[in-house]
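An overview of the molecular structure
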Amino acid sequence: MSSSNKRRAGKRRTSGLARRARQVLPLRGGEYARRRWLSWPSWPALALGGLAVFAMGVAVGRWSDPRVTSAPAAELEDGIAAPAAVTPGLRKSESAVVTADIPKVSGVGDLPDDLAGSPVVALVIDDLGQSVDVIDRLGRLGIDLSYSVLPFEAHTGAVVERLRAAGREILLHLPMEAGGSANPGPGALYAAMSDDELAQLTERALVAVPGATGVNNHMGSRLSADSRAMTAVLEVLRRRGLFFLDSRTSSRSVAYEVAASMGMAAVSRQVFLDDDRSKEVIRSQFRQLLQLARSQGAAVAIGHPYPETLELLDEEIPGAVRQGVRFVPVSLLARKVERAEDS
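On a predicted model such as this, the values are computed, not experimentally measured, just so you know.

1. Considering unusual backbone geometry
- Within the chain, Asp-127 stands out as a residue other than glycine whose phi angle is a positive 65 degrees.
- Following the sequence through the fold, Asp-127 ends up in strand 3 (residues 120-128).
- One non-glycine residue, Arg-248, lies in positive phi territory at about 55 degrees.
- We classify Arg-248 as buried; its relative accessible area is 4%.

See below:
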């Protein structure tokens, strides 16, 4: 074959390949030679590369999306998860909302004169009623605490008797409907209940914790967001002259606002010490609590009788007292609040 015929045959082969390539994936100008990497033998590698890019995009998206949380998938609400590890015999609490979401403590200006100028902390220990021994352990901390007792636990009666004999401040830790599948325990209040049912169950729980001067919610992220239900519950407390501490297990809680609108003494929790039971995290939360007390005059925290929490308090409280921090019952911070529109 002459050299000119060879050149023509080569062009025909090249144009045939270009046509076949355009049938699979159209290319401009027949640039098959420049886009050869798109031919069949390279498609597996291209597919693997696409999967890798997709995976990187998902990872970057999760990292940049503020709605995604790495917290354990327990009860997840408002981007907040319940603690993963719980001591046997202690129920999960619903977890804390961010401090920035919490109203400032009410009634700071009404504190007794002997507390003026000092950082004031009210520390409430929740979920009591399952052990009498822990009451003695808490007493050895040497500070004023508020003790919140579940109404229908195995040792509720004995715990209340021990606390009353010691002159401790007692709260009823009233079980309320959670936002997820978590079980609040016996005697829980549910949003589907009528006003009369809610009132009757609240009265029954108060009878089980005699001597309680206030109430805070156990769980309750669902119920505490329901104004109608909370009004029915709080009306029982108002008639008895009791104060309400909003445990603030959800940023959607209206409990504090409803109580204030009813002219009740009320206060909101600002720090949860131990939703994460790592001792160093609890230490960080405790120091945040002290900083809040210094910056705004007073702060309210809730903790639980976990071994890690008790050990941490043993270590940190003496230093806080030496620095001038005053620990008081939470009732001292629960004051009737004049709403801004009424002042």
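Having put the structure on the table, let's press on.
2. Observations concerning the confidence of the model for the protein
- The predicted model of the protein has a mean per-residue pLDDT of 78, with 66% of residues at 70 or higher.
- Every residue in residues 17-41 is under pLDDT 50, and counting partners more than four places away or in other chains gives 15 contacts.
- Residue range residues 338-343 is modelled with pLDDT below 50. Its contacts to residues more than four positions away, or to other chains, number 2 contacts.

3. Some details on the packing of aromatic side chains
- Going through the model one piece at a time under the given rule, you end up with 0 aromatic pairs.
- Directly above the aromatic system of Tyr-306 lies the positively charged group of Arg-277, at a separation of 4.1 Å from the ring centroid.

4. A look at the pairing of strand 10 (residues 298-303)
- Of all 6 residues that make up strand 10, 6 are buried, and the element is covered over most of its length.
- Residue alternation in strand 10 divides its side chains into two sets, Ala-298, Val-300 and Ile-302 and Ala-299, Ala-301 and Gly-303, and both sets are buried.
- With 6 bridges joining them, strand 3 and strand 10 adopt parallel strand pairing. What sits directly across from Ile-125, in strand 10, is Gly-303.
- In the sheet, strand 9 (residues 271-272) pairs with strand 10 via 2 bridges, with the strands oriented parallel. Considered in strand 10, the bridge of Phe-272 is made with Ile-302.
- A crossover connection joins strand 9 to the parallel strand 10 through helix 8 (residues 279-296); in handedness this β-α-β unit is right-handed.

5. Side note on the environment of Ser-268
- By the element assignment, Ser-268 lies in strand 8 (residues 265-268).
- Spatially, the C-alpha atom of Ser-268 lies 9.0 Å from that of Ala-255, the residues being 13 residues apart in sequence.

6. Brief notes about the nonpolar core
- Membership of the largest hydrophobic core comes to 64 residues, with the highest contact counts inside it found for Leu-128, Leu-138, Phe-244, Leu-273 and Phe-286.
- For Leu-128, the residues in contact, after removing those within four places along its chain, are Val-134, Ile-135, Leu-138, Tyr-147, Ser-148, Val-149, Leu-150, Val-159 and Pro-305.
- Among the nonpolar cores identified, the runner-up in size contains 18 residues, and Leu-171, Phe-243, Ala-298 and Ile-302 belong to it.

7. Remarks on helix 6 (residues 227-240)
- The terminal C-alpha atoms of helix 6, which comprises 14 residues, lie 20 Å apart, in line with the 20 Å expected from a rise of 1.5 Å per residue.
- Three or more residues of helix 6 are buried, namely Ala-229, Met-230, Ala-232, Val-233, Leu-234, Val-236 and Leu-237.
- Those residues of helix 6 that are buried lie in contact with strand 5 (169-176), helix 5 (195-208), strand 6 (214-219), strand 7 (243-246) and helix 7 (255-261).
- Where helix 6 begins, the capping side chain belongs to Asp-226, and its oxygen is found 3.0 Å from the backbone nitrogen of Arg-228.
- Following helix 6 by one or two positions, Gly-241 has its phi on the positive side, about 75 degrees.

Scoring rules and cut-offs
Residues numbered from 1 in each chain as written. Predicted model: local features only at pLDDT ≥ 70, side-chain atom pairs only at ≥ 80, totals over all residues. Heavy atoms only, no water. Helix = DSSP H or I, 4+ residues; strand = E, 2+ residues; numbered from the N terminus. Buried < 20%, exposed > 50% of the residue type's maximum accessible area, 1.4 Å probe, protein only. pLDDT = per-residue confidence, 0-100. Contact = heavy atoms within 4.5 Å. Phe/Tyr/Trp six-rings, centres within 6.5 Å; stacked < 30°, edge-to-face > 60°. Lys NZ or Arg CZ within 6 Å of the ring centre and 35° of its normal. Pairing = 2+ DSSP bridges. Right-handed = clockwise from strand over helix to strand, strands pointing away. Core = buried A, V, L, I, M, F, W, Y, C linked by side-chain atoms within 4.5 Å. Expected span 1.5 Å × (residues − 1). Polar contact = N/O pair within 3.5 Å; in protein donor to acceptor, adjacent residues only side chain to side chain.

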